[in-house]
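Coordinate inspection notes
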Amino acid sequence: MAIVELPDNVVITKLDRLVAWCRSYSLWPMPFATACCGIELMATGASRHDIARFGAEVFRFSPRQCDLMIVAGRVVMKMLPVLQRLWQQMHEPKWCISMGACASTGGVFDTYSVVQGIDRFIPVDIYVPGCPPRPEQLIQALVDLQAKIQAEDTVRGREFDAPSRQCPKRALQEHPVD
């Protein structure tokens, strides 16, 4: 096998790695923001923190145009069917960031009306701790998600077969009433 000299403007890579790189740096987030975490999410898109440097500046409010859902703040039981419907309307591949203590665990609101963690109903890829988390934490979560996306097998679609994507989430009717 002969070794061929390539010009400086030629790059050789696997198609899978190229597609994963393109996906990871072209995320279109859809915010599902409530309360104080929503303010921090807005601050992340402002000029001081500038989430556009990481390829995620295109906030869309239509689930058919997004591939990343950022759930920021508390989610109450009345909003949960809307959240699930928006998640189901998003096209695959899709990812989710749970931002803040309220979205991740219910936070200080241990009541019947507040969902005690959205991961019981939709799959969550990255958790951002804090009450409310700083914009720097959300940017770090975005960088971690980009690394996760680049590690997935994108051309063959094996990320859709992952057990975390296939497990059915508990419905609202399954919760015992105490």
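Going by the structure above, here's the rest.
Let us look at the structure shown here. Please read all numbers here as calculations on a predicted model, not as lab measurements. (Residues numbered from 1 in each chain as written. Predicted model: local features only at pLDDT ≥ 70, side-chain atom pairs only at ≥ 80, totals over all residues. Heavy atoms only, no water.)

A few words on the sheet that holds strand E4 (residues 126-128). Across the sheet, four strands lie side by side as E1-E2-E3-E4; this open sheet has parallel pairing. Among the strands making up the open sheet, the edge pair consists of strand E1 (29-33) and E4. Strand-to-strand, the axes of this sheet are offset by a mean angle of 15°, without reference to chain direction. As paired strands, strand E3 (residues 95-99) and E4 are joined by three bridges and run parallel to one another. Across the sheet, Ser98 pairs through a bridge with Tyr127, a residue of E4. (Pairing = 2+ DSSP bridges. Helix = DSSP H or I, 4+ residues; strand = E, 2+ residues; numbered from the N terminus. Axes fitted to C-alpha atoms, helices over the stretch in contact; angles between N-to-C directions.)

A few words on the packing of aromatic side chains. Throughout the structure, instances matching the rule amount to one aromatic pair. On the basis of an interplanar angle of 50° and a centroid distance of 5.6 Å, the ring pair of Trp21 and Tyr25 is categorised as tilted. Accessibility expressed as a relative area gives 47% for Trp21, which makes it partly exposed. The ring of Trp28 has Arg60 lying over it, and the distance from NZ or CZ to the ring centre is 4.9 Å. (Phe/Tyr/Trp six-rings, centres within 6.5 Å; stacked < 30°, edge-to-face > 60°. Buried < 20%, exposed > 50% of the residue type's maximum accessible area, 1.4 Å probe, protein only. Lys NZ or Arg CZ within 6 Å of the ring centre and 35° of its normal.)

Our next topic: helix H5 (residues 135-151). If you check H5, its first and last C-alpha atoms are 25 Å apart, about what 17 residues at 1.5 Å a residue would give, namely 24 Å. Next to the buried residues of H5 lie helix H1 (15-24), helix H2 (35-45), strand E2 (68-72), E3 and E4. (Expected span 1.5 Å × (residues − 1). Contact = heavy atoms within 4.5 Å.)

Now for the environment of Val114. Along the polypeptide, Val114 turns up in the loop between helix H4 (101-105) and E4. Taking the C-alpha atoms as reference points, Val114 and Val76, separated by 38 residues in sequence, lie 4.2 Å from one another. Residues within four places of Val114 in sequence aside, it is in contact with Arg74, Val75, Val76, Gly106 and Phe109.

Attention now goes to the pairing of E3. With five of five residues buried, E3 lies mostly within the body of the structure. Every second residue of E3 is oriented toward a common face, with Trp95, Ile97 and Met99 on one face and Cys96 and Ser98 on the other, all of them buried. Bridge analysis of E2 against E3 gives five bridges, and the strand direction is parallel. Note that in E3 the partner of Ala72 across the bridge is Met99. With helix H3 (residues 80-89) bridging E2 and the parallel E3, this β-α-β connection has right-handed handedness. (Right-handed = clockwise from strand over helix to strand, strands pointing away.)

Let us look at the state of the cysteines. A covalent bond bridging the sulfur atoms of two cysteines is what the word disulfide describes. Per the stated rule, a full pass over the model turns up zero disulfides. No disulfide involves Cys36; its sulfur sits 4.8 Å from the nearest other cysteine sulfur, which is in Cys37. (Disulfide = S-S within 2.5 Å.)

For the peptide bond that leads from Glu92 to Pro93, omega is -5°, which places it in the cis range. Considering the arrangement of structural elements, one finds Pro93 in the loop between H3 and E3. In this structure, the amide linkage connecting Cys131 to the following residue, Pro132, adopts the cis form with an omega of -20°. Looking at the element boundaries, Pro132 is found in the loop between E4 and H5. Even without glycine at this site, Asp50 takes up a positive phi of about 50°. Residue placement: Asp50 occurs in the loop between H2 and E2.

Bringing the side chain of His49 into the picture now. In this structure, His49 sits in the loop between H2 and E2. His49 has contacts with Ala43, Thr44, Arg134, Pro135, Glu136 and Ile139, leaving out every residue within four places of it along the chain.

This brings us to the environment of Met42. Summarising the element assignment, Met42 is placed in helix H2. Judged by its relative accessible area of 57%, Met42 is exposed. Sequence spacing of Met42 and Pro31 is 11 residues, and the spatial spacing of their C-alpha atoms is 9.3 Å.

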